[in-house]
Amino acid sequence: MNALCIIGGRVLRPDCSVENADVVIDTDTGRIHDIGEDIAADYDAAETLDADGCLVMPGLVNAHTHVAMTLLRGYADDKPLDSWLREDIWPAEAELEPEDVRAGTELGLIEMIRSGTTTFADMYFEVPEIAAAVEASGMRARLGHGIVTVAKDDAEAATDIEEGLRVAREFDGAADGRIHTAFMPHSLTTVDEKFLRESVATARENEIPLHFHANETTDEVDPIVEERDQRPLAYADELGMVSEEDFLAHGVHVDAAEIELLAERGTGVIHCPASNMKLASGIAPVQQMLDAGVTVGIGTDGAASNNDLDMFDELRDAAMLGKLGADDASAVPAEAAITAATAGSADAIGLPGGRIEEGGVADIAVVDLDAPHLAPAHDVVSHLAYAVRGSDVRHTICDGQILMRDREVLTLDEEEVVETACERAMALVERAE
Ligand SMILES: [Zn+2]
C-alpha cells in the first residue's frame, strides 16, 4: 500500500464528534485505510500532510451548481429570476463557445478546491469540456447537459434532448470513475410536457438519474397549479421524475404533501440558500424537510446568482435562513448544516463521500483553525458552521490525491486559468451585447 498520512489534526466524525487522530489514506485505492491517534508512525508513508492546529473534515459537496457561470459573476445582479434569465443570462449563454465553458469551469474548480469542496453536481452545456476539466482537476462530479425546450422548434428541442441523453451515457464512469452523469431537464416549466414524457421514459429505461430545478419561485409553481390543478411535484411524479436516484434543486415552495412524497421516495432536495435570497425566491422549509426524513443537500447554484462557490458561506446561510424561515433559533443547527453540506449532499447526488470513516473514499478538507476569527475554540463544530471561511482551508484531497497542499492548487495552473477565464468572460459579454 502507498500511504498518504494526514498527521496531528483533529478529525470530524460523521456524528459531528471531534477526536485527535491521524488519517491514513491508501492512495492506490483512494480510500481511507485507518484513523487513530498517533498511528502515522506505524506506516511508511510515501507522502504526509501536516494538520497541526487543523480540523480534518469531509470534503464539501456542492450538490447543485452551473460551474462555468463563474464567467458571468457580477455581470447582472439585483433582478428577479425570470427577467434575469431572459434579459441577461440566456442571451450571454447563447454566445458561449466550448472554450468559454472550459475556461469558466476551470476557474470554478479552482475556487471550489481552494475552499475545500471535492465533489459537485453540475448542470450546464458543453459537457465534454466540463468532463475534461474535472478529469484534470482531480475532483469528483455528477454532470449533465441542461435542457430547455421553450422557445425552440421541435427539431431544436429534440436535438437538445438527444445531447442530454448522449452525454449521460457517454461520460458515466469517466475519469477513472470520478465522473457520473444524470439527465437534466432544466425545470418543469422550461421543458414542454411532451418532451419530458418521452425523454424521462428513455432515461428511466437506461437507468440514468434525473436532476432538475423544482418549486424554486411562486412564478414557476402557480402556473403549474392553475393549468393542471396539481402541485409541481405531483406532476413530476406522474412523469416518473421522483425516484430515489433523482435529486432536485431548490424545493423552496413545497407543501406538506410534496415533502412527504420526497421523503417517501428518497428523492434528494438541494437547498441553495444564497441563490434563493439573492433572487428573492423565498425560504425553503429545510427543518420541516429534515424532520420528515428528506435527504437534504446544499448547493451554491451558479456563481452569477450567489456570487461565489464557497460552501462554507452556503452552509452558514443554510443555518441562518433555516432559523429565519422556521421562526426558531434552534432550527437547522450547526451539525445539521454541516451534515447537509457533506453527507447529505453526497447521498442526494448519489456519489460516495461526505464522511471520514475507515474504508470510505478519501475526499477530505483540512481546515486551519489558527486564525483570529476562529479564536477561542469553545466549539469547533460551531466554528465550521458560523465562522470558518473557504480561505481557511489548507489542504484538499479527493480520491486519495492531493489537489491543494498548503493553499497551493496542484492540479490546475491557477494564474493561467484566472487570466484565460477573465479574457474569455470579457469577450463573451461583448458578443452578447
Ligand atoms: Zn440552478
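Since this is a predicted model, take the numbers as computed values, not measurements. (Residues numbered from 1 in each chain as written. Predicted model: local features only at pLDDT ≥ 70, side-chain atom pairs only at ≥ 80, totals over all residues. Heavy atoms only, no water.)

So, on to the coordination of the zinc ion. Coordination of the zinc ion by the protein is provided by H64 (NE2), H66 (NE2), H213 (NE2) and D301 (OD), with metal-donor distances spanning 2.1 to 2.2 Å. For the zinc ion, the 4 donor atoms are set out with angles of 86 to 170 degrees between them, so the coordination reads as irregular. Read in sequence order, the donor residues for the zinc ion give the motif H-x1-H-x146-H-x87-D. Here H66, found in the loop between β6 (60–65) and α1 (81–93), pairs with H213, found in strand β11 (residues 211–214); they are 147 residues apart in sequence, far enough to count as distant. The buried category is assigned to H213, whose relative accessible area is 4%. (Donors = N, O, S within 2.8 Å, 3.2 Å for Na, K, Ca; no water. Tetrahedral: all angles 85-135°; square planar, octahedral: opposite > 155°, others 65-115°. Helix = DSSP H or I, 4+ residues; strand = E, 2+ residues; numbered from the N terminus. Buried < 20%, exposed > 50% of the residue type's maximum accessible area, 1.4 Å probe, protein only.)

What follows covers the packing of aromatic side chains. A complete count under the given rule lists 1 aromatic pair for this structure. Between Y124 and F125, the ring centres sit 4.6 Å apart and the planes meet at 40 degrees, which makes this aromatic pair tilted. In this structure, R228 packs its charged tip against the face of Y235, placed 3.8 Å from the ring centre. (Phe/Tyr/Trp six-rings, centres within 6.5 Å; stacked < 30°, edge-to-face > 60°. Lys NZ or Arg CZ within 6 Å of the ring centre and 35° of its normal.)

Helices that pack against each other are described as a pair by the angle of their axes relative to one another and the distance between those axes. It is at 9 Å that the axes of helix α2 (residues 98–114) and helix α14 (residues 414–432) come closest, and there the two elements cross at 135 degrees. As far as their axial angle goes, α14 and α2 are oblique. You can see that α2 and α14 cross each other, and the crossing is left-handed. Only E414, V417, V418, T420, A421, R424, L428 and R431 of α14 make contact with α2, whose side of the interface consists of E99, D100, A103, E106, L107, I110 and R114. Of the residues that constitute the contact of α2 with α14, the class distribution is 7 nonpolar, 1 polar and 7 charged. (Axes fitted to C-alpha atoms, helices over the stretch in contact; angles between N-to-C directions. Parallel < 35°, antiparallel > 145°, perpendicular 65-115°, else oblique. Left-handed = near helix turned anticlockwise from the far one by under 90°. Contact = heavy atoms within 4.5 Å. Nonpolar A, V, L, I, M, F, W, Y, C, P; charged D, E, K, R; others polar.)

This part takes up the UniProt feature "domain: Amidohydrolase-related" (unreviewed entry) in the chain. Here, UniProt's "domain: Amidohydrolase-related" (unreviewed entry) annotation points to residues 55–402. Between the first and last C-alpha atoms of residues 55–402 the distance is 16 Å; the span itself is 43% helix and 17% strand. (UniProt positions renumbered as here; feature names shortened; annotations may be inferred.)

In spatial order, the strands read β11-β12-β13-β14; together these 4 strands make up an open sheet with parallel pairing. In this open sheet, the two edge strands, each paired with only one partner strand, are β11 and β14 (296–298). Pairs of neighbouring strands in the sheet enclose a mean axial angle of 30 degrees, with direction left out of account. Here 3 bridges tie strand β13 (residues 268–271) to β14, and the two strands are oriented parallel to one another. Bridging across to β14, I270 finds its partner in G297. Each of β12 (247–250), β13 and β14 is contacted by helix α12 (residues 334–349), which is oriented at about 105 degrees to β14, the strand it contacts most. (Pairing = 2+ DSSP bridges.)

Quick look at the UniProt feature "binding site: Zn(2+)" (unreviewed entry) in the chain now. UniProt tags H64, H66, H213 and D301 as "binding site: Zn(2+)" (unreviewed entry). A stretch of 238 residues holds the annotated residues, and the largest C-alpha distance among them is 11.9 Å, short enough that they meet in one place. Relative to the helices and strands, H64 resides in strand β6. Judged by its relative accessible area of 0%, H64 is buried. The contact partners of H64, leaving out residues within four places of it in the chain, are A121, H211, H213, A249, H250, I270, C272, G299, T300 and D301. Along the chain, D301 turns up in the loop between β14 and α11 (311–326). Residue D301 is classed as buried on the basis of its relative accessible area, which comes to 5%. Those residues in contact with D301 that sit more than four places away from it in its chain are H64, T65, H66, H213, E216, H250, C272, S275 and L309.

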